[in-house]
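An overview of the molecular structure
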Amino acid sequence: MAEKIADGFKNEKAIILPYNVRDYLKINNVTRHLHVTHIGYYPEAKYHFRERKNGAGQNILIYCESGKGWIIYNGEKIYLDRNQVFILPENEAHAYGADTHDPWSIYWIHFQGEETDLFSSIIGKKTDTDDSHSSRPRDRIILFEEMFQNLEMGYNPENLEYVSYCLSYFLASIKYVTQFREIKNVKEMDVVQKSILFMKNNLEENVELEEIAHYVGYSPSHFGNIFLKKTSYTPMGYYNQLKIQRACSYLQFSDLKIKEIAFRLGYYDPFHFSKAFKKETRLTPKEYRRKYNP
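Residues numbered from 1 in each chain as written. Predicted model: local features only at pLDDT ≥ 70, side-chain atom pairs only at ≥ 80, totals over all residues. Heavy atoms only, no water.

**Thoughts on the pairing of strand β9 (residues 105-112)**
Applied cut-off: Buried, partly exposed and exposed residues are distinguished by accessible area as a fraction of the type maximum, computed with a 1.4 Å probe on protein chains only: under 20%, between the cut-offs, and over 50%, respectively. In DSSP terms, a helix is any run of H or I states spanning at least four residues, a strand is any run of E spanning at least two, and both are numbered starting from the N terminus.
β9 sits mainly inside the fold: eight of its eight residues count as buried. Here β9 shows two buried faces, one formed by S105, Y107, I109 and F111 and the other by I106, W108, H110 and Q112.

Here you go:
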């Protein structure tokens, strides 16, 4: 049988914070809430194995970057694959190890603090962070590297506090995995941004909903639903707000008459413009100009 080893892998890296630093982490106003005590990376960790019959004094996060491994916790054997995470609760018996044929590469963090309960929903269970184009695994690894490199630079308070904030974000990227990957779900947001740009370029016209929807390649109803979901405004409501925003700029920074501004922005008469303007700003155009361009 092959030897089982806890560490000593080629190109591994690890930092174990000294006890006096850990004592400081527990009293610092920032770090006492959540902080790293150990952090490291084991690449292709063949024969990796650890068993702690009494658990560890910290929660242990294991993030499988590639390969496979397993965890025994609470009487169950859980298998971990690429981009899957398991967080072992502090002071609870466990064991874990690499797959014999396809050993895992893992990022690992020991952490503790007064607010670890904020992440109780992901502690003691496997979380799949997905492997799709939008799951942002690289961004999560960069965040890990930020923590590691700052600790490598020393244990001054600023480094330690920054790492604590990074840890909170790192854990949040797992707990709120849908929100974390949302930034990459750009298709619908591109539609919204593209339509807003079209609106801004046509503020001195009177474009209709159908024209905006056609520009972004959607039916008016489908586009309207997407826009409302992303902005909480209807497209035409948003377009009219942009018109008022442009009107404010004209009133504040130009000598154009109010009637000229109204016609320039496509209002069919100054009264209609004044009514729309007051609805958005609670001031008439004349009052606005007097207040901001005396």
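**Quick notes on the sheet that holds β9**
In plain terms, the rule: At least two DSSP bridges between two strands are needed for those strands to be called paired. Angles here are taken between N-to-C directions and fall from 0 to 180 degrees, while the axes themselves are lines fitted to C-alpha atoms, restricted in helices to the stretch in contact. In what follows, a contact means two residues having at least one pair of non-hydrogen atoms within 4.5 Å.
Strand order in the open sheet formed by six strands is β1-β2-β9-β4-β7-β10, with antiparallel pairing between adjacent strands. Only two strands of the sheet have a single neighbouring strand rather than two, namely β1 (13-16) and β10 (126-128). The sheet shows a mean angle of 15 degrees between the axes of neighbouring strands, taken without regard to direction. Sheet topology note: the strand β7 (residues 84-88)/β10 ladder contains three bridges and is antiparallel. Pairing of Q84 across the sheet is with D128, part of β10. Helix α2 (residues 137-152) rests against β1, β2 (35-42), β4 (59-66) and β9 of the sheet, and its axis sits at about 115 degrees to β2.

**Some remarks on helix α11 (residues 285-292)**
Cut-off, in case you're wondering: This arc is taken over the directions from the axis of the helix to the C-beta atoms.
Residues of α11 that are buried: P285, Y288 and R289. Viewed end-on, α11 has its buried residues packed into an arc of 95 degrees, placing them on one side of the element. Exposed and oriented more than 90 degrees from the buried face of α11 are K286, R290 and K291. Here the buried face of α11 lies against α8 (235-253), α9 (258-264) and α10 (270-281).

Shape descriptors only; they carry no functional weight alone.
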